[in-house]
Amino acid sequence: MQHRLRFSKKGVSSVSDSLWIRGGRVIDPANEIDQEADVFTKDGIIVENLSEDDRSHAQVIEADGKIVCPGFVDLHAHFREPGQSHKETIGTGARAAAAGGFTTVVIMPDVSPPADNAGVIQYILDAVEKDAQINVLPTGCMTQERLGEKLAPIGSLKQAGVVAISDSPNSPQNNEIMRRTLEYAGMFDLPILDQCSDHSLTEGGSMHEGPTSLRLGLHGSPRVAEDLLVSRATLLSSLTGSHVHLQSISSGSAVDIIRKAKGRGVKVSAEVTPHHLTLIDEAMATYDPRYKTNPPLREESDRQALIEGLLDGTIDCVATDHEPHVDYEKDIEFDQAPFGVIGLETALPICIETLVRQDAAELTDLIRFLSTNPAGIIGIDKGTLSLGVAGDVTIFDPDETWQVESDSLESLSSNSPWLGEELTGRVTHTIVDGRIVHGSPN
Ligand SMILES: [Zn+2]
């Protein structure tokens, strides 16, 4: 009822409380379903069927030839509000997410002021309530002002409504602070989202350190900067018993470290971005800042190790690391340009191309990586079409082609490596709590 009021308040037309998604290929990995079927929601909840009366009033989506699956869940996005709303607001970020099929997005605390206290979290939650038609879940900082020096008030952040804590895109460099952060987060049953990078080894680096950086004459960040802190995270997780989720894994040797830690039963999980699964450092040959990311694009052997790690369960999920920057900030000299690419609106077609069309994975695997698994990592009741859960559903056409153009993106920024390219695979409808938030009924 709360959601219905919220949407009607924002002027979304008042429509039937029932939704009938007809004739699609339903893929729900959590329930091992992959078959042609109808999906129904009533009062925002997935139900087995609708009464004749409800059917006659229901909104209908003809999904023939399309995939119907649980809404995607992104554990790693940067919306820029408060502080840098010219790059992305909570409203525009949520619209970009909906266009990409994401019904739930976990946003990082690197806003300004940083989300290191209950007041900023409340500001974010108010903006979500006002402007976002999807589920936007805030995280709080690990350390005050994300400086890595003093612990943030983790208990009051939890009370304020965060689902995890993180200093992303940084990680505390002091091991004692990191250990105490894990101990406190564990007490409050909050996962830590850790982007692993030893800053003493990455200082001045603008790309991956390797043959390509040597050839281009650019200062590089070595794999070992990531590997060291991934090792630290696994050791401290083992020591404290706290859950650490490793963000944006890009190094092949880090995949090995995680595989061994999981083999010992250490409570870690991990994600990889669509761009690290698809692109390598050689893309930098044109000095195009749209390929400048943190962590950097690495070598083909790393990319292969990331795919292998995803397929064997070492890496649990795909996350976008959506990092919006506007053109005048990004289109400058390579060394000076900020790190990061947007990813919410292109994640699906890029993953289809890299994983499914290359025969590495099936569509059902892809939906596990984008929906079922990330929901499980933060323990939310999403990522499934089970009866009785919220009606968060994504419908996509795996064969529809479309052009990535800045005018057609919902994001305020267009710093995508795929700008101007034609991609295959497009979200046609995104549904949150049984309400269509992207696409139209038939
Ligand atoms: Zn990030």
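Residues numbered from 1 in each chain as written. Predicted model: local features only at pLDDT ≥ 70, side-chain atom pairs only at ≥ 80, totals over all residues.

### Quick word on the sheet that holds strand β9 (residues 165-166)
Keep this limit in mind: In this description, strands pair whenever DSSP reports at least two bridges between them. To qualify as a helix, a DSSP run of H or I must reach at least 4 residues; to qualify as a strand, a run of E must reach at least 2; elements of each kind are numbered from the N terminus.
An order of β9-β10-β13-β14-β15 is seen for the 5 strands of this open sheet, with the pairing classed as parallel. A strand with exactly one partner marks an edge of an open sheet, and here the two such strands are β9 and β15 (317-318). Relative to strand β14 (residues 268-272), strand β13 (residues 244-246) runs parallel, the two being bridged by 3 bridges. Of the residues in β14, the one forming a bridge with V244 is V268.

### With respect to helix α6 (residues 175-187)
So the rule is basically this: Take the residue count of a helix, subtract one, and multiply by 1.5 Å to get its expected span. Remark: C-beta atoms are placed from the backbone, and a residue is labelled buried if 20 or more other C-beta atoms sit within 10 Å of its own, exposed if 12 or fewer do, or partly exposed between those counts.
Here α6 is 13 residues long and its end C-alpha atoms lie 19 Å apart, about the 18 Å a rise of 1.5 Å per residue gives. Listing the buried residues of α6 in full gives M178, T181, L182, Y184 and A185. Following α6 by one or two positions, D189 adopts a phi angle in the positive range, close to 55°.

### A look at helix α10 (residues 252-263)
For clarity, the threshold we go by: Residues are treated as contacting if the C-beta atoms built from their backbones sit within 7 Å of each other.
A rise of 1.5 Å per residue sets the reference length of α10, with its 12 residues, at 16 Å; its end C-alpha atoms lie 17 Å apart and thus fit the reference within 8%. Within the sequence span of α10, burial applies to G252, A254, V255, I257, I258 and A261. Lining the buried residues of α10 we find α9 (223-240), β13, β14 and α12 (300-311). Once α10 finishes, G265 follows within two positions and takes phi at roughly 85°, a positive value.

### So, the sheet that holds strand β7 (residues 102-107)
For clarity, the threshold we go by: Interaxial angle, 0 to 180 degrees, is taken between N-to-C directions of lines fitted to C-alpha atoms, where a helix line uses only the stretch in contact.
Taking strand neighbours across the sheet as the criterion, the 3 strands line up as β6-β7-β8 in an open arrangement whose pairing is parallel. Across the chains shown, the open sheet's two edge strands, defined by having one partner strand only, are β6 (72-77) and β8 (135-138). Along the sheet, successive strands turn relative to each other by an average axial angle of 20°, direction set aside. When β7 meets β8, the two strands line up parallel, connected through 4 bridges. When the sheet's bridge partners are listed, V105 is paired in β8 with V136.

### A few points about the nonpolar core
Here is a general trend for soluble globular proteins: nonpolar side chains tend to be buried in one another's company. Formally: A set of buried residues qualifies as a nonpolar core if it consists of Ala, Val, Leu, Ile, Met, Phe, Trp, Tyr and Cys joined through C-beta atoms within 7 Å.
Counting 108 residues, the largest nonpolar core has I134 and I165 as the members making the most contacts within it. Per-element tally for this core: the top contributor is helix α15 (residues 363-377), with 7 residues. If sequence neighbours within four positions are ignored, I165 has contacts with T139, G140, C141, M142, I154, L157, A185, L190 and I192.

### Some remarks on the pairing of β7
Rule in force here: Viewed with both strands pointing away, a crossover whose connecting path from the first strand over the helix to the second turns clockwise is right-handed.
Most of β7 is tucked away, with 6 of its 6 residues classed as buried. The pairing of β6 with β7 spans 4 bridges and is classified as parallel. In the strand pairing of β7, F72 is matched with F102. Chirality of the crossover, the property in question, places the unit of β6, helix α3 (residues 90-99) and β7 among those that are right-handed.

### Describing the packing of α6 against α9
Short version of the rule: In what follows, roughly perpendicular refers to angles from 65 to 115 degrees, roughly parallel to angles under 35, roughly antiparallel to angles over 145, and oblique to any angle outside these ranges. By convention, the crossing between two helices is left-handed when the near helix turns anticlockwise from the far helix through less than a right angle, and right-handed when the turn is clockwise. Three classes are used, and their members are as follows: Ala, Val, Leu, Ile, Met, Phe, Trp, Tyr, Cys and Pro are nonpolar, Asp, Glu, Lys and Arg are charged, and the others, Gly among them, are polar.
Look at α6 against α9: their axes get within 10 Å of each other, and the N-to-C directions meet at 45°. Comparing the axis directions of α6 and α9 gives the class oblique. Crossing of α6 against α9: the hand is right-handed. Mapping the contact onto sequence places N175, M178, R179, L182, E183 and G186 in α6 and R232, L236, S237 and T240 in α9. Its residues assigned to classes, the contact of α6 with α9 comprises 3 nonpolar, 4 polar and 3 charged.

### Quick notes on the domain arrangement of the protein chain
Heads up, the rule is: An automatic or database domain assignment provides the domain bounds reported here.
We note that the domain assignment places domain 1 (2-68 + 391-438) and domain 2 (79-377) within the protein chain. Centre-to-centre separation of domain 1 and domain 2, based on C-alpha positions: 26 Å. On the side of domain 2, 37 residues touch domain 1, which itself brings 31 residues to the contact. With 7 residues, the single largest contributor to the side of domain 1 that touches domain 2 is strand β17 (residues 422-432). Here the residues of the side of domain 1 that touches domain 2 sort into 17 nonpolar, 9 polar and 5 charged.

### A few points about the confidence of the model for the protein chain
To keep things clear, this is the line we draw: Known as pLDDT, the predictor's confidence for each residue is given on a scale from 0 to 100.
Confidence in the prediction for the protein chain averages 95 pLDDT; 96% of positions are at 70 or higher. Low confidence marks residues 1-14, where pLDDT is under 50. Its contacts with residues over four positions away, or in another chain, come to 8 contacts.

### Topic: unusual backbone geometry
A cis amide bond links S112 with the next residue in sequence, P113, at an omega value of 0°. Positionally, P113 belongs in the loop between β7 and α4 (118-131). With a phi angle near 50°, D43 is a residue other than glycine that sits in the positive phi range. Mapped onto the elements, D43 comes out in the loop between β2 (33-42) and β3 (45-47). You can call D43 partly exposed: it has 14 C-beta atoms within 10 Å.

### Comments concerning the environment of R223
By the secondary structure assignment, R223 is in helix α9. Sequence separation of R223 and P295 is 72 residues, and the distance between their C-alpha atoms is 9.3 Å. With near-sequence residues (within four places) excluded, R223 lies in contact with S251, S253 and R298.

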